[in-house]
Amino acid sequence: ILQNLVIENNGTIVGGSAWKTCNHLKLFGLHFPVFFARYLTYALKPTTVLQFGCGLGTIADFLARHVPGGTRVVCIENEPMLGD
């Protein structure tokens, strides 16, 4: 799949098959800001979280699993490929 993808100068990816989460991970890796997630989790200790444009949901997942006492997390993502 990756051999068929071409990245244009403006960052748009064209060609190949349907874009899937696995393609994103293979090309760009897992973007996870560890220090930011830890700050949110242990310093702010949110009881509820609403995240717009959550992408792969790594921060939301981290918060849902690690906030002391638990938290309710709601993510909104408008890219249909990320809902797979």
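Provided above is the structure to which this section pertains.
If you're wondering where the values come from, they're calculated on a predicted model, not measured in any experiment. (Residues numbered from 1 in each chain as written. Predicted model: local features only at pLDDT ≥ 70, side-chain atom pairs only at ≥ 80, totals over all residues. Heavy atoms only, no water.)

Draft legend 1. View of the overall build of the protein. In terms of regular secondary structure, the protein is built from three helices and four strands. Ordered by position in the sequence, the α and β elements of the protein form the string β-β-α-α-β-α-β. Within the protein, the fraction of its 84 residues that count as buried is 24%. Long-range contacts, defined as pairs at least 24 residues apart, comprise 44% of the intrachain contacts of the protein with a sequence gap of at least 6. For the protein, the exposed surface amounts to about 6,000 Å²; the carbon and sulfur share of it is 58%. (Helix = DSSP H or I, 4+ residues; strand = E, 2+ residues; numbered from the N terminus. Buried < 20%, exposed > 50% of the residue type's maximum accessible area, 1.4 Å probe, protein only. Contact = heavy atoms within 4.5 Å. Areas by Shrake-Rupley, 256 points an atom, 1.4 Å probe, with all protein chains shown as cover.)

Draft legend 2. Focus on helix 3 (residues 58-66). All of the buried residues in helix 3 are Ile59, Ala60, Phe62 and Leu63. Axial view of helix 3: buried residues confined to an arc of 160 degrees, hence all on one face. (Arc of directions from axis to C-beta.)

Draft legend 3. Spatial organisation of the state of the cysteines. All chains considered together, the criterion is met by zero disulfides. Of the cysteine sulfurs around cysteine 54, a residue in no disulfide, the closest is that of cysteine 75, at 3.9 Å. Looking at cysteine 54, the relative accessible area reads 13%, which means it is buried. You can call cysteine 75 partly exposed: its relative accessible area is 36%. (Disulfide = S-S within 2.5 Å.)

Nothing here speaks to function; it is all geometry.
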